[in-house]
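If you want the building blocks of each chain, they are given just below.
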Amino acid sequence: MTKVSVAVDFDAPPREVWEIIGDFNALPRWHPGIAGSRIEYGEEGTQRVLKSPDGSEFIERFVGAN
């Protein structure tokens, strides 16, 4: 399984940032490379199916929050 980790500093209070990015299905609202997102629930847990502007789709599984 591939893992990706990124750190970014924002010039805003954490609460403001979290209001924008905190929703697991909110990626299309703030990320220009994501055209759509839908949540699916199944035996393997919660996942989102992300759609790129060219129509391709990929899946991210929610594994937990710290």
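What you see is a predicted model, and the numbers here were worked out from it, not measured in a lab.

Engineer: What is the right way to look at the overall build of the protein chain in this model?
Structural biologist: Per the secondary structure count, the protein chain includes 2 helices and 3 strands. Once the C-alpha set of the protein chain is aligned to its principal axes, its extents read approximately 35 × 30 × 20 Å. Here the protein chain, with 66 residues, has 15% of them falling under the buried criterion. Once local pairs closer than 6 in sequence are excluded, the contacts in the protein chain between residues at least 24 apart make up 8%. In the protein chain, the 7 positive side-chain charges and the 11 negative ones have mean positions that sit 3 Å from each other.

Engineer: Honestly, the pattern of salt bridges in this entry has me stumped. Any pointers?
Structural biologist: Two side chains carrying opposite charge are able to pair once their charged atoms lie near each other. Scanning the entire structure with this criterion turns up 5 salt bridges. Here glutamate 40 and arginine 38 are joined by a salt bridge, their closest N and O atoms 3.2 Å apart. Within this structure, Arg38, Glu40 and Glu57 form a network of salt bridges that share partners.

Engineer: Where do I start with the sheet that holds strand β3 (residues 57-61) in this structure?
Structural biologist: Paired through their backbone hydrogen bonds, the strands of a sheet run either parallel or antiparallel. Here 3 strands make up an open sheet; going across it, the order is β1-β2-β3 and the pairing antiparallel. At either end of the open sheet lies a strand with only one pairing partner, and these are β1 (36-42) and β3. For this sheet, the mean angle separating the axes of adjacent strands, direction not counted, is 25°.

Engineer: So what exactly am I meant to see when it comes to the side chain of glutamine 47 here?
Structural biologist: Tracing the chain through its elements places glutamine 47 in strand β2 (residues 45-51). Setting aside anything within four residues of it in sequence, one finds glutamine 47 in contact with Phe24, Arg38, Ile39, Glu40, Ile59, Glu60, Arg61 and Phe62.

Engineer: Teacher, can you tell me more about the pairing of β1 here?
Structural biologist: Every other side chain in a regular strand lies on the same face of the sheet, so the side chains alternate between the two faces. Taken together, the 7 bridges between β1 and β2 define a ladder with antiparallel strand orientation. Bridge pairing in β2 places tyrosine 41 opposite threonine 46. Taking the residues between adjacent antiparallel strands as the criterion, β1 and β2 are bridged by 2 residues.

Engineer: Honestly, the packing of aromatic side chains in this entry has me stumped. Any pointers?
Structural biologist: The geometry of two aromatic rings is summed up by the distance between their centres and the angle between their planes. Overall, the coordinates contain 1 aromatic pair when judged by the stated rule. On the basis of an interplanar angle of 65° and a centroid distance of 5.3 Å, the ring pair of phenylalanine 24 and phenylalanine 62 is categorised as edge-to-face. Taken as a pair, phenylalanine 24 in the loop between α1 (14-21) and α2 (27-30) and phenylalanine 62 in the segment after β3 lie far apart in primary sequence, 38 residues in all. A relative accessible area of 43% means that phenylalanine 62 is categorised as partly exposed.

Rules used throughout
For every chain, the first residue of the written sequence is number 1, and numbering continues from 1 along that sequence. Owing to the predicted nature of the model, reporting of local features is limited to residues with pLDDT of at least 70; listing and counting of side-chain atom pairs is limited to 80 or more, with chain, interface and lining totals taken over all residues. Calculation of side-chain values draws on the structure's entire complement of heavy atoms; hydrogens and water are dropped beforehand. Helix and strand assignments follow DSSP, with helices taken as H or I runs no shorter than four residues and strands as E runs no shorter than two, numbered in order from the N terminus. Note on classification: 1.4 Å probe, protein chains only; a residue is buried when its accessible area is under 20% of the maximum for its type, exposed when over 50%, partly exposed between these limits. Pairs of residues are marked as contacts when any of their non-hydrogen atoms sit within 4.5 Å. Counting rule for charge: Lys and Arg are taken as positive, Asp and Glu as negative, and neither His nor the chain ends is counted. Charge placement uses NZ in Lys and CZ in Arg. For Asp and Glu, CG and CD serve respectively. In what follows, salt bridge is the name for a side-chain nitrogen of Lys or Arg lying within 4 Å of a carboxyl oxygen of Asp or Glu. Criterion used throughout: strands pair if DSSP finds at least two bridges between them. Axes here mean lines fitted to C-alpha atoms, for a helix over just the part in contact, with angles spanning 0 to 180 degrees between N-to-C directions. Any two of the Phe, Tyr and Trp rings considered here, Trp counted by its six-membered ring, make a pair once their centres fall within 6.5 Å; the pair's planes then place it as stacked at under 30 degrees, edge-to-face at over 60, or tilted in between.

Honestly, it's all geometry; don't read function into it.
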